[in-house]
Amino acid sequence: MITTILIHWLLTLLFAPFFIGVITKVKAVIAGKIGPSLFQSYYDLARLSQKRSVYSSGVTWVFRLAPMIVLAAVLMVSLMIPIGIFKAPVQFAGDILVLVYLFALVRFFMIAGSLDTGFSMEGMGASREAFFSCLTEVTLFMNLLALGLLAHSISLSEMIGANYPVSWNLVGPSMLLIVASLFIVLLAENCRIPIDDPDTHLELTMIHEVMLLEHSGVDLAFMMYASAIKFLIFSSILVPIIIPVKSLDPFINLAIYLGGMTGLAVLVGCVETSMARLRLDRVRHLLLISFALAFFGLIVTWWRA
Amino acid sequence: MTTWIDASCILIVFFSLSILATYRIVGMIQIYALQSFVLSLMPLFLHAGNVSSRDIVLSLGTMVLKAGVVPFILFWAIRRISMRSEIKPIIGLGSSIVCGALLVAGAFWVSMSLRIPGKAAADLGLPCSLAVLLLGFMIMVTRTRAVTQVLGYLIIENGIFLFALSLFDSMPTLIEMGILLDIFVAVFIMAIVLNHINEEFEQGPDPEKQVKPREVF
C-alpha cells in the first residue's frame, strides 16, 4: 500500500511539470519562436526551491500555511486518479465528493492566503477566483454525475476506467457533451487562456496569477507545482474518457496514455494561441455554457439510461 | 446510424443554446447557419443508411435554403441597413443560458409522457425538437431587436423541421409545411429590409436612454 502510494506520487511529481512545458513550447512554436525547453518548468521549480521565502511583516500564519496545504491537498487528489497503467491507490464509492471538496480546500487556502496579504489586487483576484470556481464546481459535479450514471458507479476510478469502447457507440452523443464541458472546466480550473492568461502580470485582468504575486522561493515552487499537478489531474480524468482504448500490453496502454496527455496539452496550447482572453464579464457566459452542456449531458444520459 | 442521428440532434440543441449566449447578431446568424447545416444532414442518416434520392433532394434543398440562402439574406439585410450588431436582451445572457438549460430539461420531461408509436423510448428526436422549439420561443421573447426575433422564428422553424424528420415516414406533409414557413420567413426578412425596421417593432421609451447600473467586477 505504502509503496504504491509512493510510486504514484513519484510519477505524479515526475510527469506534472512536463505537460506545462509542452503547452509553453506549443505556444512558442505556433508564434514562430523557438521557446523555452520542454523541461523549463523543472528548471524553474529547481531554481525556486533553492531560494528562501520572503514574507512581508504583515502576514500571519495563514499565508505561510497556504502553499503547504495547497500542495498537500492536490497530492491527495492525485491518489484518486489512475495514472496510465497505475491504478489509483485510493478508491472508494463516493470519492468524487472528496475530490471536489479537496479542490475546494485548495481554493479556500489560496484565497485565504491571498487575502491575508492585505494587497488590494490579491483581494480582486481572490474574488474572481471564488466567483468563477463556483460555476466550474457545479459543472464538474454535473459531469461526474453523468459519468457515474454511465458507469453505474460513483467511484472515479471506475468511471474513467469503465468500458467505454462500447459506450462511445451507445452513449456517444452524451459523451460528446461531457467531454466538451469537461474541457472548458479544465481550461477554467487551470487558468488557461479564454478564461485567464497564465502569462500576463497585468493586475486588472488576471485571476490566478495575482494570487501568487506575494509568494516567493519555496512557497512559490509549491504553488506552481500544485497548479502543474492540477493540470495533470484534470487531463488524466479527460484523456481516458476521450481515448477509451485498452490493450492487454501495459506498455501500449502507457504509450496511449502519455500520447493522449501530450496531445491534450498540445490542444490546450493551440486553443491558447488561437483565442484571445475573454472579457472578464463574458467569462461567466462561457462557464455557464459549459454548465448548460453538462446539464444537457446529464439529461441525455438519464434519458438513455 | 442512430449514433449520427443522436449526435446531430444534440448538436442542434447545443447550437440553439449557444445562440442564447451570443451577444452579436452576426454570430447568431453564423451559428444558425451551422445548425441548419447539421439539420440538413439528418435526412441522410434516417432509414438506417439506405439513402434514397428523395433523402438527397430533401437534404440538398434544406442545405441550400437554410444554411445558404437564409443566412445570406440576413447578412445582406444587416449590411444594407447598416444595423448595429449588439442584441438587446430583456434578461441577461447568463440568466438566458440558465433558463435555456431549464427549458431543455422541461422538453425532456414533457417528452417522457409523449410516446410516439413506432419510435424507441430512447429516441432523442422528439425531446430535442421540443427543446429547440422552446429555445426558439425564448429567443423570440427575450430579444427585442427585429432581426433577432426573425432568428428566433427561424430556430423554431428548425425545431419543427427536426420534429417532422423524426416522424418522417408517417407525415411528409409536415415537411411541406416547413418549407412553406421558410417562404414566409423570406417574406418577413424582405419586409424588414423594405420597411427599414432598423430597431424594434414598437416605439416605446428607448431602453438605452434609461440609466442602468453598470455591472462591476
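This structure is a prediction, so every number in the text was calculated from the model and none was measured.

## Structural notes on the overall build of chain B
- What chain B contains, in helices and strands, is seven helices and zero strands.
- Going residue by residue from the N terminus, the α and β elements of chain B occur as α-α-α-α-α-α-α.
- Looking at chain B as a whole, 40% of its 217 residues are labelled buried.
- Pairs at least 24 apart in sequence give 73% of the contacts found in chain B among residues at least 6 apart.

## Brief notes about the overall build of chain A
- Scanning chain A for helices and strands turns up ten helices and zero strands.
- When the helices and strands of chain A are listed from N to C terminus, the series reads α-α-α-α-α-α-α-α-α-α.
- For 305 residues, the compact-globule estimate of 2.2 N^0.38 gives 19 Å, and chain A sits close to it at 19 Å.
- Expressed along its principal axes, the backbone C-alpha trace of chain A runs to roughly 60 × 45 × 45 Å.

## Some remarks on helix α10 (residues 280-304) of chain A
- For α10(A), with 25 residues, the first-to-last C-alpha span of 37 Å sits near the 36 Å given by 1.5 Å per residue.
- α10(A) sits mainly inside the fold: 18 of its 25 residues count as buried.

## Points about the interface of chain A and chain B
- Each partner contributes to the interface: chain A provides 19 residues, whereas chain B provides 23 residues.
- Counting residues per element, the ones that place at least two in the side of chain A that touches chain B are α7 (164-189) and α10 of chain A.
- With 14 residues, α10(A) is the largest single contributor of residues to the side of chain A that touches chain B.
- For the side of chain A that touches chain B, the residue count by class is 13 nonpolar, three polar and three charged.

## Digging into the packing of α10(A) against helix α1 (residues 2-20) of chain B
- Contact pair α10(A) / α1(B): the axes reach a minimum separation of 11 Å and the direction vectors enclose 150°. Taken together, the axis directions place α10(A) and α1(B) in an arrangement best described as roughly antiparallel. In this structure, α10(A) meets α1(B) at a crossing whose hand is right-handed. Within the contact between the two elements, α10(A) uses A:Ile289, A:Ala292, A:Leu293, A:Phe296 and A:Val300 and α1(B) uses B:Ile10, B:Val13, B:Phe14, B:Leu17 and B:Ser18.
- Among the residues making up the contact of α10(A) with α1(B), the classes are represented as nine nonpolar, one polar and no charged.

## Things to note about the nonpolar core
- Counting residues in each nonpolar core, the largest one holds 143 residues, and the members touching the most others are A:Val70, A:Tyr225, A:Ala292, A:Phe296, B:Val13, B:Ala131 and B:Leu135.
- Residue contributions to this core peak at 17 residues, all from helix α8 (residues 217-242) of chain A.
- With near-sequence residues (within four places) excluded, B:Val13 lies in contact with A:Phe296, B:Val104, B:Cys128, B:Ala131 and B:Val132.

## Looking at the environment of B:Asp123
- As for its position among the elements, B:Asp123 is in the loop between α4 (93-112) and α5 (125-142).
- Using a count of 20 C-beta atoms within 10 Å as the deciding quantity, one classes B:Asp123 as buried.

## Here's the deal with the confidence of the model for chain B
- Counting all residues, the mean pLDDT for chain B is 79, and 76% of those residues have values of 70 or more.
- Both scores are available for the predicted complex, with the pTM at 0.89 and the ipTM at 0.85.

## Some thoughts on unusual backbone geometry
Residues and elements named next belong to chain A.
- The backbone of His152 sits at a positive phi, close to 55°, despite the residue not being glycine.
- Judged by C-beta crowding, with 10 C-beta atoms within 10 Å, His152 ranks as exposed.
- In this model, Cys191 sits at a positive phi of 55°, which is unusual for a non-glycine residue.

## Points about the packing of helix α4 (residues 95-116) of chain A against helix α5 (residues 120-151) of chain A
Residue and element names in this part refer to chain A.
- Viewed as axis vectors pointing N to C, α4 and α5 meet at an angle of 175°, and their least axial separation amounts to 10 Å. What the angle tells us is that α4 and α5 run roughly antiparallel. When α4 is examined against α5, the residues Ile96, Val100, Ala104, Arg107, Ile111, Ser114 and Leu115 are found in contact with a partner set consisting of Glu122, Gly123, Gly125, Ala126, Glu129, Ala130, Ser133, Glu137, Leu140, Phe141 and Leu144.
- Considered class by class, the residues forming the contact of α4 with α5 number ten nonpolar, four polar and four charged.

## So, the environment of B:Val64
- Relative to the elements of secondary structure, B:Val64 occurs in helix α3 (residues 53-80).
- Each C-alpha atom of the pair B:Val64 and B:Pro117 lies 32 Å from the other, and the pair is 53 residues apart in sequence.

## Thoughts on helix α3 (residues 61-78) of chain A
All names here are of chain A.
- Here α3 is 18 residues long and its end C-alpha atoms lie 26 Å apart, about the 26 Å a rise of 1.5 Å per residue gives.
- For α3, the complete set of buried residues consists of Phe63, Ala66, Pro67, Val70, Leu71, Ala73, Val74, Val77 and Ser78.
- In this structure, the buried side of α3 is in contact with α1 (2-30), α4 and α8.

Parameters and conventions
Residues numbered from 1 in each chain as written. Chains lettered and ligands numbered in written order. Predicted model: local features only at pLDDT ≥ 70, side-chain atom pairs only at ≥ 80, totals over all residues. Helix = DSSP H or I, 4+ residues; strand = E, 2+ residues; numbered from the N terminus. Buried ≥ 20, exposed ≤ 12 C-beta atoms within 10 Å, placed from the backbone. Contact = placed C-beta atoms within 7 Å. Rg over C-alpha atoms; globule rule 2.2 N^0.38 Å. Expected span 1.5 Å × (residues − 1). Nonpolar A, V, L, I, M, F, W, Y, C, P; charged D, E, K, R; others polar. Axes fitted to C-alpha atoms, helices over the stretch in contact; angles between N-to-C directions. Parallel < 35°, antiparallel > 145°, perpendicular 65-115°, else oblique. Left-handed = near helix turned anticlockwise from the far one by under 90°. Core = buried A, V, L, I, M, F, W, Y, C linked by C-beta atoms within 7 Å. pLDDT = per-residue confidence, 0-100.

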